[in-house]
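# Secondary and tertiary structure notes
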Amino acid sequence: MIIAAAVRSKHSHIALTHSQAPGSALNTVGQGLPKAAHSAVEETEARGGRKACAKPHSWPISRRVHPAKPELQLPACLGTVLPEPALVPAGTESELQLPACRGRSRRPWSTAEVEVGEAVPTLAAPELQEKAATLLGVDRTLFVPTNTMANLISVMCHCQRRGSQLLLGQESHLHVYEQGGVAQIAGVHSHPLPDLPHGTLDLLELERTVTRGLGSPYHPVCELICLENTHSSSGGRVLPIDYLRQVRLLAQSCGVRVHLDGARLMNAAVALHVPPARIVEHCDSVSLCFSKGLGAPVGALVGGPKDFIEGAWRLRKALGGGMRQAGVLAAAALVGLADVEEVLLRDHQNARRFAQGLQELASPICSVDLAAVETNMVMVTVDGLPPQELCRRLQAVSADEVAQTGRAVRVLLFPWTGRSVRAVWHRDVSARDTELALRKWGFVLKQLGALRTG
Ligand SMILES: Cc1ncc(COP(=O)(O)O)c(C=O)c1O
């Protein structure tokens, strides 16, 4: 029996399945889980220890989105388009009712009791947008399908002349993984700067680059600096608030604006024990993603001043992101926000526990910089073995494993660089899953003769 579900996206790397016998079905990308697996996922989550987490502070988001009776019945067809069923919260509080006929086609919205919005997208998901605006301390927010679109819209709003210059980290998601949309769609010229290990940019280098072309007809006009928080490619590092303040001061002194790619902004806020508004106040605009640690199937938002969001609305329409019955998607995002502090805190604790456990294994081929584990990611450095091979072994199950450990566990990861593997936690990976992943890691290292204790 599979009791935990697979997750496949590049930002949700850790996924774990374990079974009582080798050869159990592997959760593959894009396939629905078998029914037994769904209930098993719920079982895992119920044991996940959400209630046990400390609550460091309170943000102005109602914790129960659907009070007495569940107001949202997910449409029956949603299961056919959800690539990651396990990302749907299926907690004991019945915040979401999983569709009974996953995979069958039926009129999608016939049982929906939630406000799904009007034919005019402006009216869709107002509750989410208002709550998020309060949470982020901005005038307004706008619900969009993806964080990539949120970033692109933000860049287009800030950089209205073709050939404007955008400064950003050379490893930032916006620069590396978003198809150069700012160039191919917005005609914006990106100038990448080296990312420091903490996910920051060197302030002197930034100042030199921003001021170099000021007033010069030979240089592109620098209009925008983009930062990323948490910083994904450095392993979920949190940008210090003082750094954000200094970047903003520098930008303002040169007439440049600051956009924050806050796909994982809530992780940063939880790690810093501050309301997210304390981070966003140092930026001119922000994006936030609901489909990562917050666990919604889809959705992101862009936030900023009123006139900025009015411009963003038009751009969303132009980019094809104006969704009609978006309220159903927004409802899932609200569920993600409702218990965000405790879920993300638990993810951070699980990631740290994993990192410590891996260090305790003291293997010469796998190491973790514990000081760099700040949120829900663990970057594992792999020496003397291609990371692909390590990932292959972590995923494989064998009779040997069952004989030696009593269970068969699959840990689904993929390499991050030629020498590292990145593991990411989210609401569907429990403390118990984390322990099982660690045990499997130990088993694989032992097989490789790469355990000092082995
Ligand atoms: C930091 C960061 N920004 C933006 C994105 C893009 O998000 P989406 O996949 O919703 O477009 C990602 C996705 O992994 C990300 O990690």
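Read on for a plain summary of the structure.

### A short note on the state of the cysteines
Using the criterion set out here, one finds zero disulfides in the structure. Unpaired in this structure, C222 has its nearest cysteine sulfur neighbour in C254, at a distance of 8.0 Å. Using a relative accessible area of 12% as the deciding quantity, one classes C222 as buried. Looking at C226, it has no disulfide partner, and the nearest cysteine sulfur is the one in C159, 7.5 Å off. In this structure C226 comes out as buried when scored by relative accessible area, which is 4%.

### With respect to the packing of aromatic side chains
Inspection of the entire model under this criterion finds four aromatic pairs. Ring plane angle 50 degrees and centroid distance 6.1 Å describe the contact between F143 and F290, whose orientation is recorded as tilted. Of the two residues, F143 is situated in strand 2 (residues 140-144) and F290 in the loop between strand 7 (285-289) and strand 8 (300-304); the sequence distance between them amounts to 147 residues. A relative accessible area of 0% places F290 in the buried class. Measuring from centroid to centroid gives 6.3 Å for Y177 and W416, while their planes differ by 45 degrees, and the two rings are tilted. Here Y177 is found in the loop between helix 5 (173-176) and helix 6 (181-184), whereas its partner W416 is found in strand 12 (residues 415-417), with 239 residues between them in sequence. Relative accessible area serves as the criterion here: at 35%, Y177 is assigned to the partly exposed category. Classification of W416 as buried rests on a relative accessible area of 18%. Joined through ring pairs, the aromatic side chains of F354, W425 and W441 make up one cluster.

### Some words on the side chain of T200
Mapping T200 onto the fold places it in the loop between strand 4 (189-193) and helix 7 (203-212). With a relative accessible area of 10%, T200 lands in the buried category. With near-sequence residues (within four places) excluded, T200 lies in contact with P194, D195, L239, P240 and Y243.

### Remarks on the packing of helix 4 (residues 147-158) against helix 11 (residues 306-318)
Direction vectors running N to C along helix 4 and helix 11 enclose 120 degrees, while the axes themselves pass 9 Å from each other. On the basis of the axis angle, helix 4 is oblique to helix 11. For the crossing formed where helix 4 meets helix 11, the hand is right-handed. When helix 4 is examined against helix 11, the residues M149, I153, S154, M156, C157 and H158 are found in contact with a partner set consisting of F308, G311, A312, L315 and R316. When the residues that make up the contact of helix 4 with helix 11 are grouped by side-chain class, the tally is seven nonpolar, three polar and one charged.

### What to know about the pattern of salt bridges
This structure, assessed with the given rule, holds 15 salt bridges. Close ionic contact of R427 with D339 constitutes a salt bridge, the shortest N to O distance being 3.0 Å. Placement of R427 in the loop between strand 13 (420-424) and helix 16 (431-447) and of D339 in the loop between helix 12 (327-338) and helix 13 (340-361) is noted, with a sequence separation of 88 residues between them. Taking the relative accessible area as the measure of exposure, D339 reaches 5% and is therefore buried. Close ionic contact of D383 with R419 constitutes a salt bridge, the shortest N to O distance being 2.7 Å. Pair noted here: D383 is in the loop between strand 10 (377-382) and helix 14 (387-395) and R419 is in the loop between strand 12 and strand 13, with a separation of 36 residues, a long-range link. If you follow the salt bridges from partner to partner, you end up with R161, E223 and R257 in one network.

### Description of the sheet that holds strand 3 (residues 165-169)
As summarised here, the arrangement of the seven strands in space is 2-8-7-6-5-3-4, forming an open sheet in which the pairing is mixed. Edge positions in the open sheet fall to strand 2 and strand 4, since each of these has one partner strand only. Taken over all neighbouring pairs, the strand axes of this sheet differ in orientation by 20 degrees on average, direction set aside. Where strand 6 (residues 257-262) lies against strand 7, four bridges are found, and the strand directions are parallel. Bridge pairing in strand 7 links H259 to S285. Running over the sheet, helix 4 touches strand 2, strand 3, strand 5 (222-228), strand 6, strand 7 and strand 8 and is turned about 170 degrees from strand 7.

Definitions and limits used
Residues numbered from 1 in each chain as written. Predicted model: local features only at pLDDT ≥ 70, side-chain atom pairs only at ≥ 80, totals over all residues. Heavy atoms only, no water. Disulfide = S-S within 2.5 Å. Buried < 20%, exposed > 50% of the residue type's maximum accessible area, 1.4 Å probe, protein only. Phe/Tyr/Trp six-rings, centres within 6.5 Å; stacked < 30°, edge-to-face > 60°. Helix = DSSP H or I, 4+ residues; strand = E, 2+ residues; numbered from the N terminus. Contact = heavy atoms within 4.5 Å. Axes fitted to C-alpha atoms, helices over the stretch in contact; angles between N-to-C directions. Parallel < 35°, antiparallel > 145°, perpendicular 65-115°, else oblique. Left-handed = near helix turned anticlockwise from the far one by under 90°. Nonpolar A, V, L, I, M, F, W, Y, C, P; charged D, E, K, R; others polar. Salt bridge = Lys/Arg side-chain N within 4 Å of Asp/Glu carboxyl O. Pairing = 2+ DSSP bridges.

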